[in-house]
Amino acid sequence: MAGSWRAKAQAGGMLLALLGWVSSCVTTVVPLWKNLNLELNEMEVWTMGLWQVCITQEEGVVECQPHGSFLALPPELRVSRLLMCLSNGLGLLGALLAAPGLEGWTPCQDKPGLKRRLLLAGGAAFGAAGMATLAPVSWVAYNTVLDFWDDTVPDIVPRWEFGEATFLGWFAGAFLIAGGLLLACSARSTSTLTPPAPVCRQPLTARAPARGHPPPPKNADLVI
């Protein structure tokens, strides 16, 4: 019964972690971190991502232009690029480590201790990937809120708002952390229990004589 629960927990954790990793990769690529609607020209919608800025026109035509120099980007975008790439790498590493540690994986079946360590390492990598995803997405969202409510900017100036990739990144980070926790919690101790050593009992003749009774006669005392 416990083994069945562990197998289901490991399968659910792996599924959540993989879903979060794929969502994190999509969040890294798509230019939907911020949206900008121009009130003067409602036929155009501007979107910004980590790598490019796109303009979507009413006819459905999308024109994208990559960012210029990496050093010319705002600090949150520079750090977000690095952290999202790190998150994608950690997610891939976690999948490679956790897969051999699953109970249904046959190659390492004869090494339960190794399977447990691999599962723990995979869960930790998935958790770190989730944190590396939540940090940049939350940072960009925080700066977006500050810029939106900035009183020094005139009201006539259009302002950036949350894009779809922001919410996708939050879900991706939550899925990665939840999957990593499930994998780490389902890792059971596979060390075999050694049977207790048998108690050595002395023979009856070697036991100490009881009080009040003389010791049994020796062979020398029997000689007349």
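About the thresholds
- Residues numbered from 1 in each chain as written.
- Predicted model: local features only at pLDDT ≥ 70, side-chain atom pairs only at ≥ 80, totals over all residues.
- Heavy atoms only, no water.
- Helix = DSSP H or I, 4+ residues; strand = E, 2+ residues; numbered from the N terminus.
- Buried < 20%, exposed > 50% of the residue type's maximum accessible area, 1.4 Å probe, protein only.
- Contact = heavy atoms within 4.5 Å.
- Core = buried A, V, L, I, M, F, W, Y, C linked by side-chain atoms within 4.5 Å.
- Phe/Tyr/Trp six-rings, centres within 6.5 Å; stacked < 30°, edge-to-face > 60°.
- Disulfide = S-S within 2.5 Å.
- Axes fitted to C-alpha atoms, helices over the stretch in contact; angles between N-to-C directions.
- Parallel < 35°, antiparallel > 145°, perpendicular 65-115°, else oblique.
- Left-handed = near helix turned anticlockwise from the far one by under 90°.

K.L.:
Give a description of the overall build of the protein chain that names residues and reports values.
P.N.:
Regarding its fold elements, the protein chain presents four helices and five strands. Going from N to C terminus, the protein chain has its helices and strands arranged as α-β-β-β-β-α-α-β-α. In the protein chain, buried positions account for 32% of the 224 residues. Partitioning the intrachain contacts of the protein chain with sequence separation of at least 6 by distance along the chain shows that 63% fall at a separation of at least 24.

K.L.:
If you had to explain the environment of E103 to someone new, which residues and values would you point to?
P.N.:
Take E103: it is sitting in the loop between α2 (75-101) and α3 (112-148). A relative accessible area of 25% means that E103 is categorised as partly exposed. In this structure, the C-alpha to C-alpha distance between E103 and S4, residues 99 residues apart in sequence, is 9.6 Å.

K.L.:
Please provide a residue-by-residue account of the nonpolar core, values included.
P.N.:
Residues M14, A17, A95, A98, A99, L102, L119, F126, A129, L176, L183 and A187 constitute the largest nonpolar core, which totals 12 residues. Mapped onto this core, the elements with two or more residues apiece are α1 (2-29), α2, α3 and α4 (164-186). When sequence neighbours within four positions are dropped, the list of residues in contact with A98 reads M14, L118, L119, G122, F126 and L183.

K.L.:
Quick rundown of the packing of aromatic side chains? Include the residues and the values.
P.N.:
Counted according to the given criterion, the structure contains five aromatic pairs. Taking the centre distance of 6.0 Å and the plane angle of 80° together, the rings of F162 and F167 count as edge-to-face. With 6.3 Å between their ring centres and 40° between their planes, F171 and F175 make a pair best called tilted. Separated by four residues within a single helix, F171 and F175 lie in helix α4, roughly one turn from each other. Overall, F175 belongs to the partly exposed group, its relative accessible area being 27%. Site record: aromatic cluster; members linked through ring pairs are F162, F167 and W170.

K.L.:
So what about the state of the cysteines? Which residues, and what values?
P.N.:
Counted according to the given criterion, the structure contains one disulfide. Disulfide partner of C54: C64, at an S-S distance of 2.0 Å. Negative torsions about the S-S bond denote left-handed disulfides, and the value of about 105° found for C54 with C64 makes this one right-handed. Linking C54 in strand β3 (residues 52-57) with C64 in strand β4 (residues 62-66), this pair joins segments that are 10 residues apart in sequence. Here C85 is not cross-linked by a disulfide; its sulfur's nearest cysteine counterpart is in C25, at 9.6 Å. Exposure remark for C85: the relative accessible area of 41% places this residue in the partly exposed category.

K.L.:
So what about the packing of α3 against α4? Which residues, and what values?
P.N.:
As a packed pair, α3 and α4 sit with axes 7 Å apart at the nearest point and diverge in direction by 160°. Classed by the angle they form, the pair α3 and α4 counts as roughly antiparallel. Both α3 and α4 take part in a crossing whose hand is left-handed.

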